[in-house]
Amino acid sequence: MTPASKRVVLVAAVAENGVIGLDGDIPWSIPEDLKHFRAVTRDNTVVMGRRTFESIGHPLPFRTNVVVTRDRTWSYDGVFVAHDVDEAIALAQDFPGDVMVIGGAQIYAAAMPRATHQVLTEVRQRPDGDTTYPVWDRAAWVETKREPHEGFDFVWWERG
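Remember, predicted model here, so these are calculated numbers, not experimental data. Position numbers for residues start from 1 in each chain and track the written sequence from start to end. Reporting in this predicted model follows two pLDDT cut-offs: at least 70 for local features of residues, and 80 or more for side-chain atom pairs to be given and counted; totals over whole chains, interfaces and linings ignore these cut-offs and use all residues. Calculated side-chain values reflect all of the structure's heavy atoms, with hydrogen atoms and water omitted.

**Student:** Quick question: what am I supposed to make of the overall build of the protein chain here?
**Tutor:** Within the protein chain, the secondary structure is distributed over four helices and ten strands. In this description a helix means any DSSP run of H or I spanning at least four residues, a strand means any run of E spanning at least two, and both kinds are numbered starting from the N terminus. What you see in the protein chain, going N to C, is helices and strands ordered as β-β-α-β-α-β-β-α-β-α-β-β-β-β. Radius of gyration here uses only the C-alpha atoms, and the compact-globule reference equals 2.2 Å multiplied by the residue count raised to the power 0.38. Over its C-alpha atoms the protein chain spans a radius of gyration of 15 Å, differing by no more than 12% from the 15 Å that the globule rule assigns to 160 residues. Counting only C-alpha atoms, the protein chain reaches 40 × 35 × 25 Å along its principal axes. Remark: exposure states derive from per-residue accessible area (1.4 Å probe, protein chains only) relative to the maximum for the residue type, with buried under 20%, exposed over 50%, and partly exposed in between. The buried share of the protein chain, reckoned over its 160 residues, is 46%. It only takes one pair of heavy atoms within 4.5 Å for two residues to be counted as in contact. In the protein chain, the share of contacts with a sequence separation of at least 24, taken over all contacts with a separation of at least 6, comes to 61%. A total of about 8,600 Å² of accessible surface is found on the protein chain, and carbon and sulfur atoms cover 51% of it. For the protein chain, the distance from the average position of its 17 positive side-chain charges to the average position of its 23 negative side-chain charges is 3 Å. To be clear on the numbers: accessible area is Shrake-Rupley with a 1.4 Å probe, and residue cover counts the displayed protein chains and nothing else. In this charge count, Lys and Arg are treated as positive and Asp and Glu as negative; neither His nor the chain ends contribute. Charge positions come from single atoms, namely NZ of Lys, CZ of Arg, CG of Asp or CD of Glu.

**Student:** Even after reading the chapter, I still don't get the pattern of salt bridges, so can you show me in this structure?
**Tutor:** Pairs can form between side chains of opposite charge once their charged atoms are near each other. Whenever Lys or Arg places a side-chain nitrogen within 4 Å of a carboxyl oxygen from Asp or Glu, that contact is recorded as a salt bridge. Applying the stated rule across the entire model yields nine salt bridges. Among the ionic pairs, Glu54 bridges to Arg50, the shortest N-O distance being 2.8 Å. Taken together, the positions of Glu54 and Arg50, both in helix 2 (residues 50–56) and four residues apart, correspond to about one turn of that helix. Given the relative accessible area of 43%, Glu54 is considered partly exposed. Ionic pairing is found between Arg146 and Glu122, a salt bridge with its closest N-O pair at 3.0 Å. Here the residue Arg146 occupies a position in strand 9 (residues 141–149), and Glu122 occupies one in strand 7 (residues 117–123), the gap between them amounting to 24 residues. With relative accessibility at 17%, the residue Glu122 sits in the buried group. Residues participating in the shared-partner salt-bridge network are Glu122, Arg124, Arg138, Glu143, Arg146 and Asp153.

**Student:** Please explain the packing of aromatic side chains as it appears in this structure.
**Tutor:** Two descriptors summarise a pair of aromatic rings, namely the distance from one centre to the other and the angle between the planes of the rings. Two rings from Phe, Tyr or Trp (for Trp, the six-membered ring) form a pair when their centres sit within 6.5 Å of each other. Planes less than 30 degrees apart are called stacked, planes more than 60 degrees apart edge-to-face, and all others tilted. Counting across every chain of the model gives eight aromatic pairs. Each ring, one from Phe53 and one from Tyr76, has its centre 4.8 Å from the other, and the planes form 75°; the classification is edge-to-face. Note that Phe53 is positioned in helix 2 and Tyr76 in the loop between strand 4 (64–68) and strand 5 (80–82), a separation of 23 residues in sequence. By way of ring pairs, the aromatic residues Phe53, Trp74 and Tyr76 are connected into one cluster. Note on criteria: charge over ring means Lys NZ or Arg CZ within 6 Å of the ring centre, with the direction from the centre no more than 35 degrees off the ring normal. Between Arg42 and the ring centre of Phe62, over which it is positioned, the NZ or CZ distance is 3.8 Å. Residue placement shows Lys145 over the ring face of Trp156; its charged tip is 4.5 Å from the ring centre.

**Student:** Teacher, can you tell me more about unusual backbone geometry here?
**Tutor:** Most peptide bonds are trans, and most residues other than glycine sit at a negative phi. In this structure, Gly104 follows Gly103 across a cis peptide bond, with omega equal to 0°. Summarising the element assignment, Gly104 is placed in the loop between strand 6 (99–101) and helix 4 (105–111). Phi at Asp43 is positive, roughly 65°, even though this residue is not glycine. The topology assignment puts Asp43 in the loop between helix 1 (31–41) and strand 3 (45–49). Positive phi outside glycine occurs at Phe62, with the angle close to 65°.

**Student:** Explain helix 1 here, please?
**Tutor:** Because an α-helix packs 3.6 residues into every turn, residues spaced three or four apart end up facing the same way. Buried within helix 1 are the following residues: Asp33, His36, Val40 and Thr41. Viewed along the axis of helix 1, the buried residues span an arc of 110°, placing them on a single side of the element. In helix 1, the exposed residues that point more than 90 degrees away from the buried face are Pro31, Lys35 and Ala39. Contacts made by the buried residues of helix 1 are with strand 1 (8–15), strand 3, strand 6, strand 7 and strand 10 (152–159). Asp43 lies just past helix 1 and shows a positive phi near 65°. Of all possible arcs, the one meant is that of the directions from the helix axis to the C-beta atoms.

Structure representation (structure tokens):
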């Protein structure tokens, strides 16, 4: 990472079994997590895959939205389009705040080698799901903060 580069932060809620999604949705309801997500990503640039964007249905307010898609004809008012994660991260260098990668699974996996930080909600559940967070080497990361809650923890990680 060059000194001029921004932090690349993966932001996700991950169950004990690695699940992050089921049928394009989140397989749990934790209102505190949604509030936390809004606070963590506000005033930053969010990078997401097209399917994640379409599951949300609109650009996220108070953030610059970058959607990654291989479809060269895809566009949507209020979002910037990139065709791979590296392009999205490069594009985000010109926008406000950090680069916050918010899913889905393919986007997290592609961004993991470039990530400098992770902000994870560790959900103490083992739900069924069809989408999982990429496996990552915890030995390469340092936990810098943990906020325990009933049923979940907010955890901040920094690459070691």
